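# Chain and residue survey
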Amino acid sequence: MPCPVCDDARWLNVDAPIGSPEFGTVVPCECQERVWGAHTTRRLRDYSDLGPLERMTFEAMEPTGREGFVDPPSFRRARDAAQTYSHDPMGWLIISGPSGTGKTHLAAAIANRLVADGKPTKFVSVPDLLDHMRATFERGNDDGDSGGDDFVGLFNHIIEAPMLVLDDLGVQSPTRWAEEKIDQVLSHRYARRLPTVLTTSLTVEQMPDRLRTRVTDPFISHRIELQAGVGNADRSAIGLDSGQLKAMTFDTFDARGAKGTSQRQRDTLESARSAARSFAEIPQGWIYLAGPTGVGKTHLAVAIANVQVQQGRTVLFRFVPDLLDQLRRAYQPNSASGFDHEFQVIRNCEVLILDDLGAQASTAWAEEKLYQLIVHRHSAGLPTVITSRILLDDAAASGFTKRYSDAIASRLQDTHVVWEYLMLAPDYRHRGAARAVGSPGRSAGKPEREASGQDLAARPASRPNRNVE
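Residues numbered from 1 in each chain as written. Predicted model: local features only at pLDDT ≥ 70, side-chain atom pairs only at ≥ 80, totals over all residues. Heavy atoms only, no water.

## So, the overall build of the protein chain
Short version of the rule: Helix numbering and strand numbering both begin at the N terminus, where a helix is a DSSP run of H or I of at least 4 residues and a strand a DSSP run of E of at least 2. Per-residue accessibility, obtained with a 1.4 Å probe over protein chains only, is compared with the maximum for each type, and a residue is labelled buried under 20%, exposed over 50%, and partly exposed between these values. What makes two residues a contact is simply this: any of their non-hydrogen atoms within 4.5 Å. Throughout, the Shrake-Rupley method with a 1.4 Å probe supplies accessible areas, and for residues the shown protein chains are the sole cover considered.
A tally of helices and strands in the protein chain yields 17 helices and 14 strands. Across the 469 residues of the protein chain, 50% fall into the buried class. Intrachain contacts of the protein chain at a sequence separation of at least 6 include 77% that bridge at least 24 residues. Only carbon and sulfur atoms are counted for the fraction: they give 50% of the accessible area of the protein chain, which is about 22,400 Å².

## Let's talk about the sheet that holds strand β12 (residues 418-422)
Spelled out, the test is: Paired strands, as defined in this entry, are two strands with at least two bridges between them according to DSSP. Fitting a line to C-alpha atoms yields each axis, with helices limited to the stretch in contact; the angle taken between N-to-C directions then spans 0 to 180 degrees.
Strand order in the open sheet formed by five strands is β9-β10-β11-β8-β12, and the pairing between neighbours is parallel. Both outer strands of the open sheet, β9 (315-319) and β12, are each paired with one neighbouring strand and no more. For this sheet the average axis-to-axis angle between neighbouring strands, irrespective of direction, equals 15°. The sheet contact formed by strand β8 (residues 286-290) and β12 spans five bridges and is parallel. Paired with Y288 across the bridge in β12 is E420. Sheet strands touched by helix α12 (residues 297-310): β8, β9, β10 (351-357) and β11 (384-388). Its angle to β9, the strand with the most contacts, is close to 160°. Each of β8, β10 and β11 is contacted by helix α15 (residues 364-380), which is oriented at about 140° to β10, the strand it contacts most.

## Section: the nonpolar core
Heads up, the rule is: Remark: nonpolar core denotes a set of buried residues (Ala, Val, Leu, Ile, Met, Phe, Trp, Tyr, Cys) joined through side-chain atoms within 4.5 Å.
Counting residues in hydrophobic clusters, the biggest one holds 31 residues, and the most contacted among them are F250, I287, L300, I304 and M423. Contributing elements (two or more residues each) for this core: α11 (263-281), β8, α12, β9 and β10. In terms of residues, this core owes the most to one element, α12, which gives eight residues. Leaving out residues up to four positions away in the same chain, I287 has contacts with A275, A276, F279, I304, T384, V385, I386, W419 and Y421. In this structure, L324, L352, L354 and L412 belong to the second largest nonpolar core, which totals 29 residues.

## Some remarks on the packing of aromatic side chains
Filter applied, for reference: The criterion for an aromatic pair is that two Phe, Tyr or Trp rings (for Trp, the six-membered ring) have centres within 6.5 Å, with stacked assigned to planes under 30 degrees apart, edge-to-face to planes over 60 apart and tilted to the rest. By the criterion adopted, a ring carries a charge over it if an Arg CZ or a Lys NZ lies within 6 Å of its centre and within 35 degrees of its normal.
In total, this model carries one aromatic pair according to the counting rule given. Here the aromatic rings of W92 and Y190 are separated by 5.8 Å at their centres, their planes lie at 75°, and the arrangement is edge-to-face. Here W92 is found in strand β3 (residues 92-96), whereas its partner Y190 is found in helix α7 (residues 176-191), with 98 residues between them in sequence. Above the face of the Y47 ring, K122 is positioned so that its terminal group lies 4.4 Å from the ring centre. Above the face of the Y190 ring, R214 is positioned so that its terminal group lies 5.0 Å from the ring centre.

## Digging into the packing of helix α13 (residues 320-330) against α15
Defined as follows: Note on terminology: angles under 35 degrees are roughly parallel, angles over 145 are roughly antiparallel, angles of 65 to 115 are roughly perpendicular, and the others are oblique. For this scheme, ten residues count as nonpolar: Ala, Val, Leu, Ile, Met, Phe, Trp, Tyr, Cys and Pro. Four count as charged, namely Asp, Glu, Lys and Arg, and the remainder, Gly too, count as polar.
Running from N to C, α13 and α15 point in directions that differ by 100°, and their axes come no closer than 11 Å. With respect to α15, the axis of α13 lies roughly perpendicular. Where α13 approaches α15, its residues V320, L323, L324, L327 and R328 are matched on the opposing element by W365, A366, K369, L370 and L373. Class assignment for the residues of the contact of α13 with α15 results in eight nonpolar, no polar and two charged.

## Observations regarding the pattern of salt bridges
Selection criterion: Every case where a carboxyl oxygen of Asp or Glu lies within 4 Å of a side-chain nitrogen of Lys or Arg is listed as a salt bridge.
For the structure on display, the rule yields 14 salt bridges. The closest approach of N and O atoms between R134 and D131, which form a salt bridge, is 3.2 Å. Placement of both R134 and D131 in helix α5 (residues 126-143) is noted, with a separation of three residues, approximately one turn of the helix. Taking the shortest distance from any N to any O, the salt bridge between R328 and D325 comes out at 3.0 Å.

## Topic: the pairing of β8
When you tally the buried positions in β8, you get five out of five residues, the bulk of the element. One ladder, built from five bridges, connects β8 with β11; its direction is parallel. In the sheet register, Y288 faces β11, and the bridge partner there is I386.

## Topic: the sheet that holds strand β7 (residues 221-225)
The strand order β4-β5-β6-β3-β7 describes an open sheet built from five strands, whose pairing is parallel. Since the sheet does not close on itself, it has two edges, and those belong to β4 (122-125) and β7, each with one partner. Adjacent strand axes in the sheet meet at a mean angle of 15° when their direction is disregarded. Judged from the four bridges that link them, strand β5 (residues 164-169) and strand β6 (residues 196-200) form a sheet pairing that is parallel. Bridging from a neighbouring strand, V165 pairs with V197 of β6. Packing of helix α3 (residues 72-87) onto the sheet brings it into contact with β3, β6 and β7, and relative to β7 it is tilted by some 150°.

Structure follows, in structure tokens:
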């Protein structure tokens, strides 16, 4: 006999006005409370339909996802968002990305966490749900009302579930009936603001209009996108060999400088090392290491790469002239991966280190690519390390043609993002022979002013986030 309170729906909508914190929430009917009583955790497990997916927890997943299948930075962001949602499931969470990137594991981990916390959660694969619906619907047509009742009961259990996880949305057969049923489920839950997790391989552009409207609604939906992996970079792909990584560490950096280094110059070296070490531990924003040849800019950049590799982040170290040569080769027909792929990997890597910016030949093509790279990483807030013989105050006038110089310099001089550290000392490669600090250097094939200790003292400390001592 059906429950007279919920008509066997098992859950009841809370009668609350729009705007109330209780609006859209559901509570278990008293019939469930009577049945569940003891062994609540086991009954929640049975209700969830997780089955073998019970093993897919946050603790069981790799911190950076499946090796080679998913871009580690995008997986780390998705994992953090999924963990946050599992603690307070409000609205919709949409996890999108190509097959194999870990969408199902993240969704199952959310469901497992909620069940462990005693919160009723239903996990269902969309193709399996439609098959079950179709079977009960057809049985109702063949046998009379009993099958129809089964269909209505199943449908109600799905649309009214306190927490619903729909896995593999978009994989189902694109029949009109299937689209109608999925739309009914999502429309019901959207109107009532019921917490829902969706995983899909569809891009926003590939979604039907009504679904696109719902998943892009900022008032209810939060969308996280997983990127396909490009394979794990070995040390040569990083751009450094094992000898460089072993030799250039923070511990091996000598802030005393070469013979003839003054205390004021040593202070700039120590300040740069301290800033680089802090950046390596928590990479945020950009760090710009400026100074003449031979003061240890590259050494500190490699030391940052060392720490980042040990922390499991995707790091690319590129000497700027070599980077541009790499991109030119990618244009050739016999290129293994193609220009678009190469450029995307560099633009989106977790930490990018550009060594000796300004040393490249100043062609329009080279500057356009550097402009695109710098603009993208600046806009996306991706951690970036730059070493250069060009002081930021001179960036617009040194090493770049006027077409891109202002746009590049504007971003490099953004004090909300970029920390500049000046390193001023004699060239340590001279084996103790102190060079006049104010002697001219070279950048991009033309003379360039190198700041001396006297210049440094005269530079006003007007920029926030900038070291001038």
